[in-house]
Amino acid sequence: MGALPKRKYAKARQGRRRGHLKVASLPHIELCSQCHSPKLPHRVCPTCGTYAGREVIEIKTPRKKAS
Ligand SMILES: [Zn+2]
């Protein structure tokens, strides 16, 4: 038998340690094929409301690109 930890790590302690893991990575951003604005992959574009080349949702207040 190899070395074993003397005490169980509490879930809170484990979470505190892992809290730093996800912080460093930014969310992946893709450009919309329709309006070329940044959007999250596999999601309907919030700017033009299209997904896979067709309109899915209606955008009531079209957001203009920040200059
Ligand atoms: Zn779009």
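Everything discussed here concerns the structure shown above.
This text gives an overview of the structure that appears in the document. (Residues numbered from 1 in each chain as written. Predicted model: local features only at pLDDT ≥ 70, side-chain atom pairs only at ≥ 80, totals over all residues. Heavy atoms only, no water.)

**Section: the coordination of the zinc ion**
What counts is decided by this rule: In this analysis a donor is any N, O or S atom within 2.8 Å of a metal ion (3.2 Å for sodium, potassium and calcium), and since water is not included, sites may seem incomplete. The numbering of helices and of strands both runs from the N terminus, where a helix is a DSSP run of H or I of at least 4 residues and a strand a run of E of at least 2. Exposure classes here rest on a 1.4 Å probe applied to the protein chains alone. A residue is buried below 20% of its type maximum, exposed above 50%, and partly exposed in between.
Those donors, Cys32 (SG), Cys35 (SG), Cys45 (SG) and Cys48 (SG), are the protein atoms that reach the zinc ion, and they lie 2.1 to 2.3 Å from it. Sequence positions of the donors to the zinc ion reduce to the motif C-x2-C-x9-C-x2-C. Residue Cys35 is located in the loop between strand E1 (30-31) and strand E2 (38-39), and its partner Cys48 is located in the loop between E2 and strand E3 (50-51); the two are separated by 13 residues in the primary sequence. The class for Cys35 is partly exposed, based on a relative accessible area of 24%.

**Things to note about the packing of aromatic side chains**
This is how it is decided: Side-chain rings of Phe, Tyr and Trp (the six-membered ring for Trp) are treated as a pair once their centres are within 6.5 Å; stacked means planes under 30 degrees apart, edge-to-face means over 60, and tilted covers the remaining angles. By the criterion adopted, a ring carries a charge over it if an Arg CZ or a Lys NZ lies within 6 Å of its centre and within 35 degrees of its normal.
Per the stated rule, a full pass over the model turns up zero aromatic pairs. Here the basic side chain of Arg13 rests over the ring of Tyr9, its NZ or CZ set 4.0 Å away from the ring centre.

**Remarks on a nonpolar patch on the surface**
Keep this limit in mind: The patches described consist of residues with a relative accessible area above 30% and no salt bridge, like charges being joined within 9 Å and nonpolar side chains (Val, Leu, Ile, Met, Phe, Trp, Tyr) within 5 Å. All accessible areas in this document rest on Shrake-Rupley with a 1.4 Å probe, and a residue is counted as covered only by the protein chains that are shown. Between Lys or Arg on one side and Asp or Glu on the other, a salt bridge is scored when a side-chain nitrogen of the former is within 4 Å of a carboxyl oxygen of the latter.
Taken together, the side chains of Val44, Tyr51, Val56 and Ile57 define a hydrophobic patch exposed on the protein surface, amounting to about 290 Å² of accessible area. Within the fold, Val44 resides in the loop between E2 and E3. With a relative accessible area of 30%, Val44 lands in the partly exposed category.

**Quick notes on the environment of His28**
How we decide: A contact between two residues is defined here by any heavy atoms of the two lying within 4.5 Å.
Residue placement: His28 occurs in the loop between helix H1 (11-18) and E1. Each C-alpha atom, one on His28 and one on Pro41, is 7.3 Å from the other, the two residues being 13 residues apart in sequence. The contact partners of His28, leaving out residues within four places of it in the chain, are Lys39, Leu40 and Pro41.

**Thoughts on a positive patch on the surface**
Our working rule: His is not counted here, nor are the chain ends, while Lys and Arg score as positive and Asp and Glu score as negative. All charge positions are set by atom: Lys at NZ, Arg at CZ, Asp at CG, Glu at CD.
Where like charges cluster on the molecular surface, the positive patch consists of Arg13, Arg16, Arg17 and Arg18. Structurally, Arg16 can be placed in helix H1.

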